[in-house]
Structure formats: C-alpha cells, structure tokens
Amino acid sequence: RALQYLEMYIRESNGGLRPSKLKSDSLFLFQNIYQYCEEPDGLSGVATLRTETSMDDMISDHENNGRWGDALTCYEQALQLRSSAMLSAVTGGQGTDSMLSAVRGAAADGLQQAMDIEDEDERDQREDRVILYHVGLLRCLEHLGHWQTVLTHVQGVLADPMKTISAVSVTALEHGVNPRVKEIRDSTTRSLSVYAVESAWRLGQWDTLADWLEKPNVGSAFEVGVGRLIDSMRRQNEEEFRSQLTRLKLKLMDPLSAASMESYQRAYPLITSLHMLRELEEGFHVLKGIKRDSDKPL
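K.L.:
How should I be thinking about the nonpolar core in this particular structure?
P.N.:
Soluble globular proteins tend to bury their nonpolar side chains together. Counting 48 residues, the largest nonpolar core has V154 and V197 as its most contacted members. For this core, the secondary structure elements donating two or more residues are α5 (68-91), α7 (120-143), α8 (147-159), α10 (179-203), α11 (206-213), α12 (222-234), α13 (238-260) and α14 (264-295). The next biggest cluster of nonpolar side chains, apart from the first, holds nine residues, and it includes I10, F30, I33 and L43.

Written out as structure tokens, the structure is:
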C-alpha cells in the first residue's frame, strides 16, 4: 500500500512515473519499501538510478545480492564513523573517558545543563541509527554462521552503554533524569538479546542460554521462545514446555494467515518455524520415552 501511494504521489507531482526524473529522496523511499517487501528486483532497479551512493545504499545493495561479508565490512565502517560522530558532537576532540568524567561532573551540579550540550532530537537520531547498525552487523554474522562472534558482540555492546548511547545519555541514565534514554536502552537490550539467545542454543551453550533467559528485557521474540522451549526440555518441565509451545504456535498463526493470502514465498519462513516447533515437540516425546524406559526396573 505504501508503494502504491508513493507511485500515485510521484505521478501527480511529475506528470508521470519516469524513473530518470526521480529525486534522491524518492529513490530512498522506494529503496526502503522494496527492502521491507523483500523485492530484490526493485532494489536492483533503484541501484541503477542512483547518482550518488551513501554507506546505507552500499549496505542495501550488498544485502540484496547476498554479499554478507561486504555488508559486514560496511556496517563495521558505519559504526566507527557514527561512534566518532557521537563522540566529537560533545567532546570537541576530548577522549571518551575524559568527556564522560566531565559530563558526570556537570551532572553533579545540574544534569539538565549537561544535557543541553547536545540537541536532544539529533542525539536520539544518532543513537537509533547506531542501534540499527549493530542489529544489521549481527544479521550479517548470522548469515555467515559466526554464532560465537554474535554472542561475543552482544555481550560487549550491552556491557558498555557508550557503544550505543552518548556520554550525556549515559549520565542521564545513571541519574534517572530522562525516561527516553531508559526506553532506548531497554529497547536496545531487547533487540540484541534475541541474537544472543539464538546463538546460545545454536551453539549448544546451555548454561549461557539459561543465563540470558533470566535477564530482564530479553523480550518475547520467536527465537527467545525457542530458547525457552529447549531450556524447559533440558529441565524436563513438561508443563512449562507445553505452555510455551502453545504460545509460540498461536503467535505464528496470525501472520501466517495474512502471509498465505499473498504468496507461498511470504508464508514459507512461518511454515518453517512451525515445522521447527513440531520437531521440538517430537523430540520432547522421545526424551520422555527414554526417561520412562530408564526408570523401569530390570
């Protein structure tokens, strides 16, 4: 529907839908819509019409063509650039530690003065973009099968708030002054914890999986639900297993109903997820049978 409205707007504005006359902001909108719709042909067409290519455009092109290693390199470069921009916006060339100490010192006398150093909207936009880059980097690592690196990266990012938010935001978080900062931090934890949980159960690191599932703000994504299923299987908690299994199945049915009306391609990932749940259910029955047989007297 968004694509339809965009095309209607451009036809009315330009007297027709002529690709050669599309402006850069229109191409950006087309690119975002095609990405969400998973239309590789549309993304390839947009790439041929661009006169300038930004870092985000390069990332989109690499992901569209399955070049996950190249996309990973771009994400790493983008994070380095963004981190430098976040730092220089408030430090004026000072180091990270000295700036954080300075902002904390200002916070002792009046945190609002410290927060006025940066424009709040610009700071939020920078921080949101950095979080998206971290998620994109983790997605690339997943496609490359580097699960241990995924787990290590998430642990490092969540352990150091400065990797995703500015020194001013860190200080505001510590003093509980700006609720928006805490919302960003909680959202970041939920977004990244999904990758840590999935990495843990794919690697068979069961103690690590249990630790992540006990953390707050771990979220309720499908991958987290699978982790909870596996954890309950290991503890042989049948009641918890069946309760979680039912929740996951119901969670998949609504989007499956909508996706099946569009195309098999859209429905396939959801069908695969249901198949995964079915195999876990059968595996749990096998484990129960093994335990029952082992409990029988000789």
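K.L.:
How should I be thinking about unusual backbone geometry in this particular structure?
P.N.:
Excluding glycine, residues mostly have negative phi values, and the peptide bonds linking residues are mostly trans. Positive phi, close to 60°, is recorded for N217, a residue that is not glycine. Inspection of the secondary structure puts N217 in the loop between α11 and α12. On the basis of relative accessibility, which here comes to 32%, the residue N217 falls in the partly exposed class. For Q236, which is not a glycine, the phi torsion comes out positive at approximately 55°.

K.L.:
When you look at the pattern of salt bridges in this model, what are you seeing that I'm missing?
P.N.:
Close approach of charged atoms allows side chains with opposite charge to pair. A complete count under the given rule lists eleven salt bridges for this structure. E198 is the salt-bridge partner of R202, the closest N and O atoms lying 2.9 Å from each other. Note that R202 and E198 are positioned in helix α10 at a spacing of four residues, about one turn of the helix. For E198, a relative accessible area of 8% translates into the label buried. In this structure, E281 engages R242 in a salt bridge whose closest nitrogen and oxygen atoms are separated by 3.8 Å. Taken together, the positions of E281 in helix α14 and R242 in helix α13 put the pair 39 residues apart, joining distant regions of the chain. What emerges from the salt-bridge pattern is a single network uniting E238, R242, K249, R278, E281, E282 and K288.

K.L.:
Looking at this structure, how should I read the packing of aromatic side chains?
P.N.:
Two aromatic rings, taken as a pair, are described by how far apart their centres are and by the angle between their planes. Tallied over the entire structure, the rule returns three aromatic pairs. Aromatic pair Y75 and Y133: ring centres 6.2 Å apart, planes at 65°, arrangement edge-to-face. You can see Y75 sitting in helix α5 and its partner Y133 sitting in helix α7, a full 58 residues away along the chain. When its relative accessible area of 5% is taken as the criterion, Y75 is described as buried. Residue classification places Y133 among the buried positions, given a relative accessible area of 5%. The lysine or arginine in question, K215, covers the ring of W212, its NZ or CZ lying 5.0 Å from the ring centre.

K.L.:
What should I look at first to understand α13 in this one?
P.N.:
Residues that lie three or four places apart on an α-helix share one face, since the helix turns once every 3.6 residues. Its 23 residues give α13 an end-to-end C-alpha distance of 32 Å, which sits within 8% of 33 Å, the value for a rise of 1.5 Å per residue. The largest bend in α13 is about 25°, located at D254, with the proline P255 one to four residues further on. Within α13 the residues assigned to the buried category are F241, Q244, L245, L248, L252, L256 and A259.

K.L.:
Just to check I follow, could you spell out a nonpolar patch on the surface for this structure?
P.N.:
A surface patch of nonpolar side chains, amounting to about 340 Å² of accessible area, comprises Y264, Y268 and I271. Assignment of secondary structure puts I271 in helix α14. Of the residues examined, I271 reaches a relative accessible area of 34% and is grouped as partly exposed.

K.L.:
How should I be thinking about the environment of R67 in this particular structure?
P.N.:
Considering the arrangement of structural elements, one finds R67 in the loop between α4 (55-64) and α5. On the basis of relative accessible area, R67 is assigned to the partly exposed category, the value being 35%. In this structure, R67 is in contact with D61 and H62, ignoring residues within four places of it in sequence.

K.L.:
Can you help me understand the environment of N32 in this one?
P.N.:
Mapping N32 onto the fold places it in helix α2 (residues 24-37). In the structure, N32 is positioned 28 residues away from S60 in sequence and 9.0 Å away in space, judged by C-alpha atoms.

Quick notes on the rules
Residues numbered from 1 in each chain as written. Predicted model: local features only at pLDDT ≥ 70, side-chain atom pairs only at ≥ 80, totals over all residues. Heavy atoms only, no water. Core = buried A, V, L, I, M, F, W, Y, C linked by side-chain atoms within 4.5 Å. Buried < 20%, exposed > 50% of the residue type's maximum accessible area, 1.4 Å probe, protein only. Helix = DSSP H or I, 4+ residues; strand = E, 2+ residues; numbered from the N terminus. Salt bridge = Lys/Arg side-chain N within 4 Å of Asp/Glu carboxyl O. Phe/Tyr/Trp six-rings, centres within 6.5 Å; stacked < 30°, edge-to-face > 60°. Lys NZ or Arg CZ within 6 Å of the ring centre and 35° of its normal. Expected span 1.5 Å × (residues − 1). Bend = angle between axes of the 7 residues up to and from the residue. Patch = residues over 30% accessible without salt bridge, like charges linked within 9 Å, V, L, I, M, F, W, Y side chains within 5 Å. Areas by Shrake-Rupley, 256 points an atom, 1.4 Å probe, with all protein chains shown as cover. Contact = heavy atoms within 4.5 Å.

Spatial relationships are all this shows, so hold off on functional conclusions.
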